[in-house]
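In case you want the letters, here they are:
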Amino acid sequence: MPSGAFSYALLLALAIALIVAAFTDLKRREIDNTLNLAIAMAAPLWWWSMGFGWIDVAWQVGLAVLTFVVACALFAMRQMGGGDVKLLTALALWFVPSGFGQVIVLMAMIGGGASVAMAAFNMERVPGERMRDAIGWIVALGWVWAAGSVVYALATHRPVISPERLGAIHDALPQPWALGLIILAGTLLFLFGFRHIMRRQKSRLPIPYGVAISAAALWVMGEGVLTGAMVG
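Only a predicted model underlies this, so the values are computations on that prediction, with no experimental measurement involved.

Criteria and thresholds
- Residues numbered from 1 in each chain as written.
- Predicted model: local features only at pLDDT ≥ 70, side-chain atom pairs only at ≥ 80, totals over all residues.
- Heavy atoms only, no water.
- Helix = DSSP H or I, 4+ residues; strand = E, 2+ residues; numbered from the N terminus.
- Buried < 20%, exposed > 50% of the residue type's maximum accessible area, 1.4 Å probe, protein only.
- Contact = heavy atoms within 4.5 Å.
- Areas by Shrake-Rupley, 256 points an atom, 1.4 Å probe, with all protein chains shown as cover.
- Core = buried A, V, L, I, M, F, W, Y, C linked by side-chain atoms within 4.5 Å.
- Salt bridge = Lys/Arg side-chain N within 4 Å of Asp/Glu carboxyl O.
- 1 Å grid on protein atoms, 1.4 Å probe; cavity = no way out; pocket = protein on both sides within 12 Å on 5 of 7 lines; lining within 4 Å.
- Points joined across faces, edges and corners; volume = space filled by probe spheres on them.
- Nonpolar A, V, L, I, M, F, W, Y, C, P; charged D, E, K, R; others polar.
- Lys, Arg positive; Asp, Glu negative; His and termini not counted.
- Polar contact = N/O pair within 3.5 Å; in protein donor to acceptor, adjacent residues only side chain to side chain.
- Phe/Tyr/Trp six-rings, centres within 6.5 Å; stacked < 30°, edge-to-face > 60°.
- Expected span 1.5 Å × (residues − 1).

Student: Help me out: how do you make sense of the overall build of the chain in this one?
Tutor: Scanning the chain from N- to C-terminus turns up nine helices and zero strands. For the chain, the N- to C-terminal ordering of α and β elements is α-α-α-α-α-α-α-α-α. Within the chain, the proportion of its 232 residues that are buried is 37%. Across the chain, every contact between residues at least 6 apart in sequence was considered, and the portion connecting residues at least 24 apart equals 80%. For the chain, the accessible area works out to roughly 13700 Å², and carbon and sulfur atoms hold 73% of it.

Student: Would you take a moment to explain the nonpolar core for this structure?
Tutor: Taken as a class, soluble globular proteins show a tendency for nonpolar side chains to be buried jointly. In terms of nonpolar packing, the biggest core is built from 40 residues, with Ile 39, Leu 87, Leu 91, Trp 94 and Phe 95 touching the most fellow members. Counting residues per element, the ones that place at least two in this core are α1 (4–28), α2 (33–49), α3 (54–76), α4 (82–92), α5 (97–121) and α9 (209–227). Counting six residues, the second largest nonpolar core, distinct from the first, contains Val 116, Ala 120, Met 123 and Ile 197.

Student: Is there a simple way to explain the pattern of salt bridges in this structure?
Tutor: Two side chains bearing opposite charge may form a pair once their charged atoms approach each other closely. One pass over the full model with this rule turns up three salt bridges. Two residues, Arg 28 and Asp 32, come together in a salt bridge whose shortest N-O distance is 3.3 Å. Relative accessible area serves as the criterion here: at 37%, Arg 28 is assigned to the partly exposed category.

Student: Sorry, what's going on with the layout of surface pockets here?
Tutor: The gaps left among the atoms become clear once a water-sized probe is rolled over them. Approximately 1100 Å³ is the volume attributed to the largest pocket. Residue lining of the largest pocket: 40 residues in total, with Arg 78, Gln 79, Met 80, Ser 115 and Tyr 209 positioned closest to the centre. For the lining of the largest pocket, the elements supplying multiple residues, two or more each, are α3, α4, α5 and α8 (176–199). Looking at the lining of the largest pocket element by element, the count peaks at ten residues for α5. Taken together, the residues of the lining of the largest pocket break down into 24 nonpolar, ten polar and six charged.

Student: What's the story with the environment of Trp 46 in this structure? I'm lost.
Tutor: Mapping Trp 46 onto the fold places it in helix α2. The class of Trp 46 is buried, set by a relative accessible area of 2%. In this structure the C-alpha to C-alpha distance between Trp 46 and Ala 9, which are 37 residues apart in sequence, comes to 10.0 Å.

Student: Teacher, can you tell me more about the side chain of Asp 25 here?
Tutor: Counting through the fold element by element, Asp 25 comes out in helix α1. In this structure, Asp 25 is buried with no salt-bridge partner, the nearest side chain bearing the opposite charge being Arg 29 at 6.1 Å. Among the polar contacts made by the side chain of Asp 25, one reaches the main-chain amide nitrogen of Tyr 209 at a distance of 3.4 Å. Those residues in contact with Asp 25 that lie beyond four places of it in its chain are Glu 30, Ile 31, Asp 84, Pro 208, Tyr 209, Gly 210 and Val 211.

Student: So what exactly am I meant to see when it comes to the packing of aromatic side chains here?
Tutor: Note on aromatic pairs: each is described by the distance of the centres and the angle between the planes. Taken as a whole, this structure holds five aromatic pairs when the rule is applied. Seen in terms of ring centroids, Trp 46 and Trp 94 are 5.6 Å apart; in terms of plane orientation they differ by 25 degrees. Their pairing is stacked. You can see Trp 46 sitting in helix α2 and its partner Trp 94 sitting in the loop between α4 and α5, a full 48 residues away along the chain. On the basis of relative accessible area, Trp 94 is assigned to the buried category, the value being 3%.

Student: Would you mind showing me how to read α5 here?
Tutor: Residues separated by three or four positions in an α-helix point in the same direction, a consequence of the helix having 3.6 residues per turn. Its 25 residues place the ends of α5 36 Å apart at the C-alpha level, agreeing with the 36 Å of an ideal helix rising 1.5 Å per residue. Buried within α5 we find Gly 99, Phe 100, Val 103, Leu 106, Met 107, Gly 111, Gly 112, Gly 113, Ser 115, Val 116, Ala 119 and Ala 120.

Student: Is there a simple way to think about the side chain of Asp 84 in this case?
Tutor: Relative to the assigned elements, Asp 84 resides in helix α4. Of the side chains with opposite charge, Arg 29 lies nearest to the buried Asp 84, which makes no salt bridge, at 9.1 Å. Separated by 3.2 Å, the side chain of Asp 84 and the backbone nitrogen of Gly 210 make a polar contact.

Here is the structure:
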């Protein structure tokens, strides 16, 4: 097995590749095939540096195949770009299932928040719909805040809502059924505002999901290095 310095060098190379992927996706709304191929082709070096056996390699390849199938389905539904599919599949070769699961959750939260925010800015203004526009903006800001809270909680390993705050909310409610009414009202408000945002889109937005994928992977990588979970 090579020295730990070689493993760190591979992670550094991957981090640089992810930064480049995020930059090109933000600038051109595409990720170069050569970059995705280089990430995938370097994965066997990572397996070797970590001392993976055949079973470990099989897990990584299986995870990549599953990721590709699911991501292709999202691509067919126009929820993900082709470059994003390839980047996510290539990254599945690098992260163990538990770490890759963290990448997926963080990616979904970051990408979802960014998508809703961009959609709110892309709304077409129609006379007589100021109230609906306001509700749409409230929903967009609420969604971004919720996504940011989840990302922060995952990154810091803290609960989204602390037990103390949950207890305070419970004590503040006059009746137990009041929480159900609040949740129902919030859900209806969200559905109305989100539908309005989607109906008033000026054009189809190319969401730079590569930025969310890269940011999520970089965070999980950094945390894995600091805790020793990624490089022993």
